[in-house]
Amino acid sequence: MVKRREPTARQVRLATELRRLREAAGLNSRQAAELLGVAPAQITHIESALAGVSEQRVRRLASHYACTDEKFIDALVTMATERTNGWWEEYRGLLPTSFLDLSELEHHARFLRHVAILYVPGLLQTEDYSRAVFSARLPELTSEELELRIQHRRARQQFTTPYEAVIHEAALRIRVSDRATSRAQLARLLELSEADHVTVRVIPFDLDGFSGASSTMTYVGGPVPKLDTVVRDALHGSAFIDSEAQLNTYRTSFLKVESESLGPERSRDFIHSLSKEF
């Protein structure tokens, strides 16, 4: 068995779910290994995403763990057997792994939801806006690192997954660069908001009772709700959240923020009006 050197986020998620199923069944690694007729170390490697697992073994483990959710099991099998050599692989070794993991997650998503408080979401940014945001990072990026990040973000923007962004007025008003960049970014938002797969909503400053100002996040819909993921920006990359309790909290949070935001038509009118100020 050849160990993986660098498991992807998708491989890690599969491993995590298999471990959760085993623990829910009240079995330890040795007992699980006995059920498959393998060494305990192999279960450890599978649950650490250091080794792959076949469809047959995924289904056998699910059966031994008394998991009867067929859609969930089928989704795990797809994760175990699908071999996707995505466009993001060309950046492996050139960008932090979290950039590639986010791209892979978005590629397999059923839907994407984003709450933005201080910056326009990356998937909706113009190149000049992205350049200004990346240029402000500390430690300062080299020109090569900066261009790689911009190229990667531009590639991510070629998505067709249903996407909903709830953007606070603060993100629309903050000038990451100059007036021309802000004006072009607002025009881009208006253009994208007309696309069939994109919905843009705005949270205005004068909204009474809004308490979600710290809830910047991306909610990624998996093949089944159990495999949803929340992505939060962290100091050294992106943090991926997938425990059921936390997912329920973020689902509720997004629905609350969405319900308090302006509708798509009023949001377009708001952005159009705001663009005149620049």
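Our subject is the structure listed above.
What comes next is a walk through the structure. (Residues numbered from 1 in each chain as written. Predicted model: local features only at pLDDT ≥ 70, side-chain atom pairs only at ≥ 80, totals over all residues. Heavy atoms only, no water.)

**Section: the packing of helix α7 (residues 127-135) against helix α8 (residues 143-156)**
Two quantities define a packed helix pair, namely the angle between the helix axes and the distance between the axes. The N-to-C vectors of α7 and α8 enclose an angle of 135°; their axes lie 10 Å apart at closest approach. Comparing their axes, α8 and α7 come out oblique. Crossing handedness for the pair α7 and α8: right-handed. Here E127, S130, R131, F134 and S135 of α7 come into contact with α8, specifically with L146, E147, R149, I150, R153 and R154. (Axes fitted to C-alpha atoms, helices over the stretch in contact; angles between N-to-C directions. Helix = DSSP H or I, 4+ residues; strand = E, 2+ residues; numbered from the N terminus. Parallel < 35°, antiparallel > 145°, perpendicular 65-115°, else oblique. Left-handed = near helix turned anticlockwise from the far one by under 90°. Contact = heavy atoms within 4.5 Å.)

**Details of the side chain of R153**
Within the fold, R153 resides in helix α8. Put simply, R153 is tucked away with no salt bridge, and the nearest opposite charge, on D233, sits 7.3 Å away. Leaving out residues up to four positions away in the same chain, R153 has contacts with G122, Q125, S130 and F134. (Buried < 20%, exposed > 50% of the residue type's maximum accessible area, 1.4 Å probe, protein only. Lys, Arg positive; Asp, Glu negative; His and termini not counted. Salt bridge = Lys/Arg side-chain N within 4 Å of Asp/Glu carboxyl O.)

**Topic: the nonpolar core**
The biggest cluster of nonpolar side chains holds 28 residues, and the ones touching the most others in it are L124, Y163, I167, L172, L186, L189 and I271. Among the elements of the structure, α6 (97-107), β1 (111-116), α7, β2 (163-168), α9 (169-173), α10 (179-192), β3 (198-203) and α12 (264-275) are those that each provide at least two residues to this core. (Core = buried A, V, L, I, M, F, W, Y, C linked by side-chain atoms within 4.5 Å.)

**Comments concerning the packing of aromatic side chains**
Considering all chains together, one arrives at four aromatic pairs under this definition. Look at F111 and Y219: their rings are 6.2 Å apart centre to centre, the planes differ by 0°, and that puts the pair in the stacked class. One end of the pair, F111, is in strand β1; the other, Y219, is in strand β4 (residues 217-221), and 108 residues separate them in sequence. Since its relative accessible area comes to 1%, Y219 is described here as buried. Each residue in the set W87, W88 and Y91 is aromatic and connected to the rest through ring pairs, giving one cluster. (Phe/Tyr/Trp six-rings, centres within 6.5 Å; stacked < 30°, edge-to-face > 60°.)

**Things to note about the pairing of β3**
Counting buried positions over the six residues of β3 gives five, a clear majority of the element. Across six bridges, the pairing between β2 and β3 is parallel. Along β3, the bridge assignment pairs Y163 with V198. (Pairing = 2+ DSSP bridges.)

Any link to function would need more than the numbers given here.
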